[in-house]
Amino acid sequence: MNKRPFYMAGIYCLLVIVYKLLVVSQGLLLTKFGFYYSHIVSVFMIIPFIWLTIKLVRDKDYGGVIMGREAFVAGLMVVAVSAVILSVYNYIEFNWKFKEIAIDYYNSADYLTFLQKNPKLKAEQYPGIIAAQISDLSAFKSTTARLLPFLFVSISTSFMCGVFMKK
């Protein structure tokens, strides 16, 4: 079995975890970048790792010629290992920091202003909505929500690289 996909997945996960820890430790999680774009940036960071893994496997292990299936499998190995490691990290991150931050956000004036912008909601409904949002917080839901775009981008990237990088 080729170990290059495991090494590349490990390097990718290490970089993503350091990046996410910087976002959390610098207090950027509730900024516009941290809330909307930090996760998608980490998802798109896998594209060069998949490409580089397939290129290394093709050039070093297969002598410059690789079938599309083997290239796709090498890309999927990076995806699978990364998905497991990052899912564990996201679960830990949620329980460590994000749940507390989410509760603070739902009890903040910003969320109350967001609710007040909806003309269909009455002021009496706000406490119930806030309580429902807080009770619905789940590490499993958070991890799944972060895993789905990762899988979509990475599997499609593996397929495209497998198709176009074969020789």
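See the structure above.
Residues numbered from 1 in each chain as written. Predicted model: local features only at pLDDT ≥ 70, side-chain atom pairs only at ≥ 80, totals over all residues. Heavy atoms only, no water.

1. With respect to the packing of helix H5 (residues 109-116) against helix H6 (residues 126-135)
Running from N to C, H5 and H6 cross one another at 120 degrees; their axes reach a closest spacing of 11 Å. Looking at the two axes, H5 sits oblique to H6. Taken as a pair, H5 and H6 cross one another with a handedness that is right-handed. Here Tyr 111, Leu 112, Leu 115 and Gln 116 of H5 come into contact with H6, specifically with Tyr 126, Ile 129, Ile 130 and Gln 133. Looking at the contact of H5 with H6 residue by residue, the classes come out as 6 nonpolar, 2 polar and no charged. (Axes fitted to C-alpha atoms, helices over the stretch in contact; angles between N-to-C directions. Helix = DSSP H or I, 4+ residues; strand = E, 2+ residues; numbered from the N terminus. Parallel < 35°, antiparallel > 145°, perpendicular 65-115°, else oblique. Left-handed = near helix turned anticlockwise from the far one by under 90°. Contact = heavy atoms within 4.5 Å. Nonpolar A, V, L, I, M, F, W, Y, C, P; charged D, E, K, R; others polar.)

2. Describing the packing of aromatic side chains
Under the defined criterion, the tally for this structure stands at 8 aromatic pairs. Ring centres 6.1 Å apart and planes at 85 degrees place the aromatic pair Phe 72 and Phe 159 in the edge-to-face group. Here Phe 159 lies in helix H7 (residues 139-164) and Phe 72 lies in helix H4 (residues 68-106), a separation of 87 residues in the sequence. When its relative accessible area of 48% is taken as the criterion, Phe 159 is described as partly exposed. Following the ring pairs from residue to residue traces out a cluster consisting of Tyr 105, Tyr 106, Tyr 111 and Phe 114. Stacked on the ring of Trp 96, the Lys or Arg Lys 97 has its end atom at 5.9 Å from the ring centre. When the ring centre of Phe 98 is taken as origin, the NZ or CZ atom of Arg 146, which lies over that ring, is 5.7 Å away. (Phe/Tyr/Trp six-rings, centres within 6.5 Å; stacked < 30°, edge-to-face > 60°. Buried < 20%, exposed > 50% of the residue type's maximum accessible area, 1.4 Å probe, protein only. Lys NZ or Arg CZ within 6 Å of the ring centre and 35° of its normal.)

3. Some remarks on the nonpolar core
By size, the foremost hydrophobic cluster in this structure holds 23 residues, and its most contacted members are Tyr 12, Ile 46, Ile 50, Ile 54, Val 78, Leu 86 and Phe 150. Ranked by the residues each element gives to this core, the list is headed by H4, at 7 residues. Setting aside chain neighbours within four positions, we find Ile 54 in contact with Ala 71, Ala 74, Gly 75, Ser 158, Cys 161, Gly 162 and Met 165. (Core = buried A, V, L, I, M, F, W, Y, C linked by side-chain atoms within 4.5 Å.)

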